[in-house]
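In case you want the letters, here they are:
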Amino acid sequence: MRLKSHKKTVALLSTFLSSASLLVGGAAVLAVFVSAPVAAQDLTTGSILGRVTDGAGRPIKGATIELTSTSRGASDTTTTDAEGNYRFGSKPLGSYKIRAVKQDFDEVSASEVIVSVGRSEAVDFVMKATGKAAETVVVYGVRRRSLDFSATTTGININVKDSFDKLPIGRNIAALQLLAPGAVPGDTAFGDSAFSSLISLGGASVAENVYYINGMNVTNFRTFEGGSTIPFEFYDQVYVKTGSYQAEFGRATGGAVVAVTKSGGNQFLGGLNYYVEPQNLRSKAKNTYTQLNQKDKRVREEGNVWLSGPIWKDHAFFYGFYNARNLKNTDTSAALSSPTDPTRGAEKVSQAVSDDPFYGAKIDINLIEGHRLEFTYINDSSVETDETNTVRELGGVTRVAKYNGKINDWFSVSMLWGDNKFARSTAGPLDKEAAVLARLTADGKVDPTNQTGGVIQRGNPNLTVEKGDDSRELFRVDADFLFDFAGSHHVRVGYDEESLEAIAKTNYSGGVYYRYYRSGKTGSLSGKVPPDTNFVRVRKFDSGGTFTSANKAVYIQDEWKIDDKLTLNLGLRSEDFVNNNAEGFSFTKPETSSRCANTRLTTPFSKAS
């Protein structure tokens, strides 16, 4: 058992030069919506920002901007600065209405402003002086780039329901990842039924990605292949980062898959659906020499039920999800008769059956204006049973508690605690029986003449019994600061620590292993066994223990807007991994590596993107 080696990562440098214009002619009541590029705000939230000007293009200082959630009723307010800029950071996903008010100006508003995970949505207002006649309005459809930490990040933000309604994609997280640029399917030799197929992001291996659900790192830290999953309909949005992501993301050299589940609102909503994948409608692969693919069968049935609504209107909301499923895979193979005989041997049918349900829930609480709590509970525990009634335990419980608080217009903070468990034990009805490997005669007795190529006759068919459990406990805190000094700055700092525990124990079935042999014509073991005699070797095997790892990371990143044409995105991250063996001693040593984000240049004459 080995966990990831101790490493320090220093990550920084992304320089972004940009100039993008928003051209507005005239002076009337006008709200301009512009789609901003992906801009990481948080692992579960997004932000809204913009600029307020008068009809002559002059910034309006001190305008009151009120933001109200369409589905939850929660509101937040801020005022514009000397440049007319405003910003709402770390807002829950969903639809919002924005209202701008300023004495001596007519009120303006905008509705259906959508906040997406990891994005900054920009909404600019042009306000008309009270009593002034409206002039002709000319709107140039120029997309204004909203500069933020992810200005150099490659990837895609996916609204799961909208994407599934419009695109012919599979109902799994792997299909969503494949929508991102730089994503390709990984080798099918990696992964298992717990995570479906795995995806390579940004040219890295499938074991170099990091996975989040509602801000919680759920990556499989034993093999790094995938992580905990939830039913497709429980996803709200998924942000797939394939490269050049900012310093707040770490513990990965590939991509980052950031998922957010659905939440409740002020309306009671619910639904159900049922999916079945008939075997008769599946295509069949051709047979190979040892794999009889034409005889393989797949059964997949799923039923989903969900309900959401208010616990206390405008203040507390719930979302509950239940997924019943019936999964059955049947595979047929054929053994080689011998290395030199091209004919197939006896057929072997392998099965894997799982029918355990998934259930999850999310609760959101608006404490006071600008302060919010979130609680997530996910249970994806399942058991796979094979043709020998050997069961394989998978999945476990994930719990997440998160706080977001806006202290004032220039300082906000978020804190998260969570734990995650994943079962890895394999157990069968014969685990307590001693393992016996021998070659038998037709009447079931030990062959007195030949013990070459013996097979397991007793005990667990896999010879060994494995018991294992993985657990992770995570705490992180992030803070955002906005200030002006030689330009405007958005500084984000954070700290997180993970405590990992992996239990891995392996022993022979029944605690002992008997292996039958037959001596040759000259005997065996230096004459201790006479010629042409059966004898038994007895072995005992007990391996493994409890392994722990303590991971810590600290980062700082700054979006420094020097002027309208120059913005520097800078970041620094340090990570420490300390891994301990089963006796509690560390077996790692420091290493150092660096990461440099790409540089992108946009001139005033470049086409907006």
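Structure first, text after, so check above.
Cut-offs used in this document
Residues numbered from 1 in each chain as written. Predicted model: local features only at pLDDT ≥ 70, side-chain atom pairs only at ≥ 80, totals over all residues. Heavy atoms only, no water. Helix = DSSP H or I, 4+ residues; strand = E, 2+ residues; numbered from the N terminus. Contact = heavy atoms within 4.5 Å. Areas by Shrake-Rupley, 256 points an atom, 1.4 Å probe, with all protein chains shown as cover. Buried < 20%, exposed > 50% of the residue type's maximum accessible area, 1.4 Å probe, protein only. Patch = residues over 30% accessible without salt bridge, like charges linked within 9 Å, V, L, I, M, F, W, Y side chains within 5 Å. Salt bridge = Lys/Arg side-chain N within 4 Å of Asp/Glu carboxyl O. Pairing = 2+ DSSP bridges. Axes fitted to C-alpha atoms, helices over the stretch in contact; angles between N-to-C directions. Phe/Tyr/Trp six-rings, centres within 6.5 Å; stacked < 30°, edge-to-face > 60°. Lys NZ or Arg CZ within 6 Å of the ring centre and 35° of its normal. Polar contact = N/O pair within 3.5 Å; in protein donor to acceptor, adjacent residues only side chain to side chain.

S.K.: Please clarify how the overall build of the protein should be interpreted in this entry.
M.R.: Helix and strand counts for the protein come out as two helices and 40 strands. Put simply, of all contacts in the protein between residues at least 6 apart along the chain, 69% involve residues at least 24 apart. As displayed, the protein offers around 29200 Å² of accessible surface, 55% of which is attributable to carbon and sulfur atoms.

S.K.: Mind showing me how you'd approach unusual backbone geometry here?
M.R.: A negative phi angle is the norm for most residues apart from glycine, just as the trans form is the norm for most peptide bonds. Positive phi is not limited to glycine here, since Ser 90 has a value of about 55°. Examined against the element boundaries, Ser 90 turns out to sit in strand 8 (residues 85–91). For Ser 90, a relative accessible area of 14% corresponds to the buried category. Although it is not a glycine, Asp 314 sits at a positive phi angle of roughly 70°. Following the sequence through the fold, Asp 314 ends up in the loop between strand 21 (297–312) and strand 22 (316–338).

S.K.: I tried to follow a nonpolar patch on the surface on my own but got confused; where do I start?
M.R.: On the surface, Leu 272, Val 305, Tyr 322, Tyr 359 and Tyr 377 cluster together into a nonpolar patch covering about 500 Å² of accessible area. Note that Tyr 322 resides in strand 22.

S.K.: Even after reading the chapter, I still don't get the side chain of Ser 308, so can you show me in this structure?
M.R.: Considering the arrangement of structural elements, one finds Ser 308 in strand 21. Once residues lying within four places of it in the same chain are set aside, the contact partners of Ser 308 are Gly 264, Gln 267, Phe 268, Leu 269, Phe 318 and Tyr 319.

S.K.: I tried to follow the sheet that holds strand 7 (residues 75–79) on my own but got confused; where do I start?
M.R.: Strand pairing in a sheet relies on backbone hydrogen bonds. The paired strands run either parallel or antiparallel. Pairing in this open sheet of four strands is antiparallel, and the strands run 7-6-9-10 from one edge to the other. If you trace the sheet from one side to the other, it starts and ends with strand 7 and strand 10 (108–115), each paired once. Taken pair by pair, the neighbouring strands of this sheet meet at an average axis angle of 20°, ignoring direction. Here strand 6 (residues 64–69) runs beside strand 7; their pairing, made up of five bridges, is antiparallel. Each residue of the ladder has a partner; that of Thr 64, found in strand 7, is Thr 79.

S.K.: How should I be thinking about the packing of aromatic side chains in this particular structure?
M.R.: Think of a pair of aromatic rings as described by two things: how far the centres are apart, and how the planes are tilted against each other in angle. Summed over the entire model, instances satisfying the criterion amount to 15 aromatic pairs. Measuring from ring centre to ring centre gives 5.2 Å for Phe 234 and Phe 321, while their planes differ by 15°; the resulting arrangement is stacked. With a gap of 87 residues between them, Phe 234 in the loop between strand 17 (216–217) and strand 18 (235–243) and Phe 321 in strand 22 connect regions that are remote in the sequence. The pair formed by Phe 234 and Phe 321 is uniform in burial state, with each residue classed as buried. A ring pair is formed by Tyr 245 and Phe 249, whose centres lie 6.1 Å apart and whose planes are at 75°; its orientation type is edge-to-face. Both residues of the pair, Tyr 245 and Phe 249, belong to the buried class. These aromatic residues form a ring-pair network of at least three members: Phe 234, Trp 306, Tyr 319, Phe 321 and Phe 358. Directly above the ring of Tyr 275 sits Arg 171, whose terminal nitrogen or CZ lies 3.7 Å from the centroid. One cation-aromatic arrangement involves Arg 515 over Tyr 517; the distance from NZ or CZ to the ring centre is 4.5 Å.

S.K.: Explain the environment of Thr 78 to me, please; I cannot follow it from the model alone.
M.R.: Examined against the element boundaries, Thr 78 turns out to sit in strand 7. C-alpha separation for the pair Thr 78 and Asp 409, spaced 331 residues apart in sequence, amounts to 6.7 Å. Only 3.3 Å separates the side chain of Thr 78 from the side chain of Asp 409, close enough to count as a polar contact.

S.K.: What is the right way to read the environment of Phe 485 from this model?
M.R.: For Phe 485, the position within the fold is in the loop between strand 33 (464–484) and strand 34 (488–508). Residues Phe 485 and Trp 560, 75 residues apart in the sequence, show an inter-C-alpha distance of 9.1 Å.

S.K.: I would appreciate a short explanation of the pattern of salt bridges in the present structure.
M.R.: Pairing between side chains of opposite charge can happen when their charged atoms approach one another. Taken as a whole and judged by the stated rule, the model has 30 salt bridges. Measuring nitrogen to oxygen at the nearest pair gives 3.4 Å for the salt bridge that ties Lys 406 to Asp 76. On the criterion of sequence distance, the pair formed by Lys 406 in strand 28 (residues 397–408) and Asp 76 in strand 7 is long-range, its members being 330 residues apart. Here the salt bridges share partners, and the residues they tie into one network are Arg 251, Arg 472, Asp 496, Glu 498, Arg 573 and Glu 575.

Function-wise, these values are silent; they only describe arrangement.
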